[in-house]
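Summary of the model geometry
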There are 2 protein chains.
Amino acid sequence: MTTATPATNLPRRRLLAGSASALAAAGLAGMHGGALAQSAAAPAATPAGKPLPGYASWKNADAVTVHSATTIETKRSAFGTSVITPTDQLYVRNNLPTPPESIVADRDAWKVQVEGVKQPRALSVAELKTLGLDTITMVLQCSGNGRGFFPSKPSGTAWTVGAAGCVVWSGVPVRDVVAALGGVADGMPYMTGTGGEVLPEGIDPKTVVVERSVPVAAMQDALLAWEMNGEPIPLAHGGPLRLIVPGFTGVNNIKYIKRLAFTPQESEARIMAHGYRISPPGVKADPSQPSVQEMDVKSWINSPLPEDGTQAAGLVQINGVAFGGMHAVKGVEVSTDGGKTWQPARLIGPDMGKYAWRQFVLSTRLPKGTHTLASRATNTNGATQPQERLENRSGYNNNSWADHAVTVTVA
Amino acid sequence: MTTATPATNLPRRRLLAGSASALAAAGLAGMHGGALAQSAAAPAATPAGKPLPGYASWKNADAVTVHSATTIETKRSAFGTSVITPTDQLYVRNNLPTPPESIVADRDAWKVQVEGVKQPRALSVAELKTLGLDTITMVLQCSGNGRGFFPSKPSGTAWTVGAAGCVVWSGVPVRDVVAALGGVADGMPYMTGTGGEVLPEGIDPKTVVVERSVPVAAMQDALLAWEMNGEPIPLAHGGPLRLIVPGFTGVNNIKYIKRLAFTPQESEARIMAHGYRISPPGVKADPSQPSVQEMDVKSWINSPLPEDGTQAAGLVQINGVAFGGMHAVKGVEVSTDGGKTWQPARLIGPDMGKYAWRQFVLSTRLPKGTHTLASRATNTNGATQPQERLENRSGYNNNSWADHAVTVTVA
């Protein structure tokens, strides 16, 4: 995926004055792509094929590519066709080092401070479990998924398609928690979540804390979740408690959440104010630029792939996944000629709700030769996956169908 | 779950004349509950808590109870609330020893012989993958799930609720395979699958082979599946290829399928002719009795449970799973007074189709005291889960809501 060599594995921009040594002391240099990508250390672009880090040692090594200790990508060939991404194949992208295992030793004791409600208080997971229960399936996707297709080679992990998965979450609806605490206080247009990572000493917490704000309307479908794919959320994925904001990119789904606040303003944390902004190429990130939040309509083909080798001529089941961002998938078209002509694909398998991905298949015959296969999804809001990516400095939100096309050889 | 001691861990009935020594030589004595339960070796009723057998060493030991080397049950407390049962928690019930790992070394090379069609032939998994693709979610449930609640203590594993799970399968629709082979031959009312287990020498194959027939109409929703929950089907669950017959009990979903035949008659294998029959108490099994095939409407509560200990008084989310057999779940009622009164529960989470289970929840307040919690599902065909089990010799198809009730203490 990435062709970087160790020689290029260096921060490309200067570290923030005053924070460089503290970051280095905390072992954070090069590990904080999202929050610091624009102005501090670029994420380590490491060669693929590294060993799995300890906190994720249980991942299926054959199904993933380890980019770095905090960035692990699902191989395109490993997605399979069963809608849900198995936990041991799901990507990992952590903005800070993973907290110690001790925080999942007594999961029910973990507490989240709820603020900006009429009756603010701390609630343990055990208490949350009494307040309500729901389950939601959603695409979890890193904001930078598809960055590897940007010719501009933005800083950050060069993900192709595998910084995404379709995951089942269970927990208490945030709206039930809010109702139990008297409702949202007046004048709070944002829902702000703060992660429970251990922050380094000697550095302004705002420069490193994982804290993100989303519009308060996102509360309606949000969960405080303790379970993922039928098991307690692994530490690597944010256990014991994670804020789930369906339809929003991964970073907005705060791991180890320790504070959920309804706020009059967006967080001033660097990861919010400067990180994850859609900055024009060559322009520094700032809070006036759009934040990376809601996902766009997107699809890609998972089979056949070039790595499958030469295909036999004849019948083939071209298949992949499609999701609609904030709206359900309406349909998917597939092209076998690089986008000159398109045929409607068939949606198959279970429909797990508007935030989940759907599988699609086109049963067709491929003659001998070379074929460029592409897919193009449309959602129920009328948005269709574009041919070209939106160029931006950090390589976010790539949903270009051309970038995701694959070329296969039939003999 | 089972209270049997090693001293009672003996066949309770005489082995079939002529096959006893062969079974013993093949290490099969006591391992072939379904096929031989009525007339030969009773399954080994072993104490719970044994170590995981090698072929299933990757199971989550904390989430399962190992009854024997071929029977592993999901703990009721481990089901969680995420619809899909994680593979490492899913029950195992094998009728014969697991085939060698070598059969999954080259999955695409595995062949199934298709017969009783206009153009019979063998097809490799690689060939099957070109013919069609679909994904189905279904409850996989052992015919004997709930046997542990029969006061008559029938032979066989004393499963409570955990010989069941909700699983996603991907593969080729059987109807697509049949269409590619010219259609079903005339006069074939049955679809018969034969498992690829290695059979012992010196014994009539019909007495041990796993071969089951279902009505040919079941073909419409059936798959030849190579993937389960997003990964190639593990050997323990029937990989590289398994026949999936949605709505039918586990034994009808033939593992390591080597032959799929459309046949004029039901298989004469013992596991079909005498095994898995609904025999009246005290009456030997015979082919005139109903075969255990289609599942019935059923539900149970997974939380709270007695093993959670004393509950705090106040709000509680009583939740569990419900499935409708051959029809979707229409609704679930929950009782907190042992079935005297019922309240409608809320169905939550994704609806993965009529063969999947649904989660239900009743948000209620429990005062101090002892409460017997029960659930009762109704399907879209109008069938409601009965209070009492249907008594039968081998303890099949238990869907009694009274048997599945739990008693919890609130202080």
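Residues numbered from 1 in each chain as written. Chains lettered and ligands numbered in written order. Predicted model: local features only at pLDDT ≥ 70, side-chain atom pairs only at ≥ 80, totals over all residues. Heavy atoms only, no water.

Below, the discussion takes up the UniProt feature "domain: Moybdenum cofactor oxidoreductase dimerisation" (unreviewed entry) in chain A. UniProt annotation of "domain: Moybdenum cofactor oxidoreductase dimerisation" (unreviewed entry) refers to residues 291-406 of chain A when read in the numbering used here. The annotated region residues 291-406 of chain A carries 0% helix and 42% strand content, and the separation between its end C-alpha atoms amounts to 30 Å. (UniProt positions renumbered as here; feature names shortened; annotations may be inferred. Helix = DSSP H or I, 4+ residues; strand = E, 2+ residues; numbered from the N terminus.)

A word on the pattern of salt bridges. Residue and element names in this part refer to chain A. Under the criterion given, the structure shown has 20 salt bridges over all chains. Ionic pairing is found between D108 and K129, a salt bridge with its closest N-O pair at 2.9 Å. Here K129 lies in helix α3 (residues 125-131) and D108 lies in the loop between β3 (92-93) and β4 (111-115), a separation of 21 residues in the sequence. Looking at K129, the relative accessible area reads 35%, which means it is partly exposed. A salt bridge links R376 to E333, with the shortest nitrogen-to-oxygen separation between them at 3.0 Å. Taken together, the positions of R376 in strand β20 (residues 369-379) and E333 in strand β16 (residues 329-335) put the pair 43 residues apart, joining distant regions of the chain. Members of the salt-bridge network, linked through shared partners, are E115, E211 and R259. (Salt bridge = Lys/Arg side-chain N within 4 Å of Asp/Glu carboxyl O. Buried < 20%, exposed > 50% of the residue type's maximum accessible area, 1.4 Å probe, protein only.)

Moving on to the domain arrangement of chain A. Residues and elements named next belong to chain A. Per the domain assignment, the segments of chain A are domain 1 (54-274) and domain 2 (298-410). Placing the centre of domain 1 and that of domain 2 at their C-alpha centroids yields a distance of 27 Å. Around 2,500 Å² of area is buried between domain 1 and domain 2 when both sides are counted, 59% of it from carbon and sulfur atoms. In this assembly, domain 1 and domain 2 are joined by zero salt bridges. Put simply, the parts of the chain that give the side of domain 1 that touches domain 2 at least two residues each are β6 (134-141) and β7 (164-173). Here the side of domain 1 that touches domain 2 takes five residues from β6, the largest share from any one element. Its residues placed into classes, the side of domain 1 that touches domain 2 shows 16 nonpolar, 16 polar and three charged. (Domains from an automatic or database assignment. Buried area = accessible area lost by both parts, 1.4 Å probe. Nonpolar A, V, L, I, M, F, W, Y, C, P; charged D, E, K, R; others polar.)

In this section: the pairing of strand β7 (residues 164-173) of chain B. Residues and elements named next belong to chain B. Most of β7 is tucked away, with ten of its ten residues classed as buried. Pairing between strand β6 (residues 134-141) and β7: eight bridges, direction antiparallel. The residue of β7 that forms the bridge with T135 is S170. Summarising the sheet, β7 and strand β10 (residues 223-228) pair through five bridges and their orientation is antiparallel. Bridge pairing in β10 places W169 opposite M228. (Pairing = 2+ DSSP bridges.)

Bringing the environment of E115 of chain B into the picture now. Residues and elements named next belong to chain B. The residue E115 is located in strand β4 (residues 111-115) in this model. The class of E115 is partly exposed, set by a relative accessible area of 26%. Distance from E115 to R259, taken between C-alpha atoms, is 7.5 Å for residues 144 residues apart in sequence. Discounting residues that sit within four places of it in the chain, E115 has contacts with P120, R259, L260, A261 and F262. Of the polar contacts made by the side chain of E115, one reaches the side chain of R259; its length is 3.0 Å. (Contact = heavy atoms within 4.5 Å. Polar contact = N/O pair within 3.5 Å; in protein donor to acceptor, adjacent residues only side chain to side chain.)

A word on the relation of the copies chain A and chain B. Laying chain A over chain B is done by rotating through 180° and shifting 0.0 Å along the axis; what remains is an RMSD of 0.0 Å. Put plainly, the chains are arranged around a two-fold axis. Among all C-alpha atoms of chain A, that of M352 of chain A lies closest to the rotation axis, at 3.2 Å. When the interface residues of chain A are mapped onto chain B, 100% of them again lie at the interface, so the same face is used by both copies. (Least-squares fit on C-alpha atoms with pLDDT ≥ 70 in both.)

Applying the stated criterion across every chain, the model contains 16 aromatic pairs over all chains. Taken together, F79, W300, F323 and W357 of chain A form an aromatic cluster joined through their ring pairs. Here R376 of chain B stacks its cationic end above the ring of W342 of chain B, 4.2 Å away from the centre of that ring. Here the guanidinium or amino end of R389 of chain B rests over the ring plane of F150 of chain B, the centre of that ring lying 5.6 Å away. (Phe/Tyr/Trp six-rings, centres within 6.5 Å; stacked < 30°, edge-to-face > 60°. Lys NZ or Arg CZ within 6 Å of the ring centre and 35° of its normal.)

Our next topic: the interface of chain A and chain B. Between chain A and chain B, the contact holds 37 residues from the first and 37 residues from the second. When the two sides are added together, the surface that chain A and chain B hide from each other amounts to roughly 2,600 Å², 50% of it contributed by carbon and sulfur. Run the count over chain A and chain B and you get zero salt bridges. Counting across the interface, chain A meets chain B through 18 residue pairs in polar contact (both at pLDDT 80 or more). Sorting the residues of the side of chain A that touches chain B by element identifies α3, β6, β7, β15 (314-323), β18 (346-348) and β19 (358-366) of chain A as the ones contributing at least two each. Tallying contributions element by element places β15 of chain A first for the side of chain A that touches chain B, with four residues. When the residues that make up the side of chain A that touches chain B are grouped by side-chain class, the tally is 14 nonpolar, 16 polar and seven charged.

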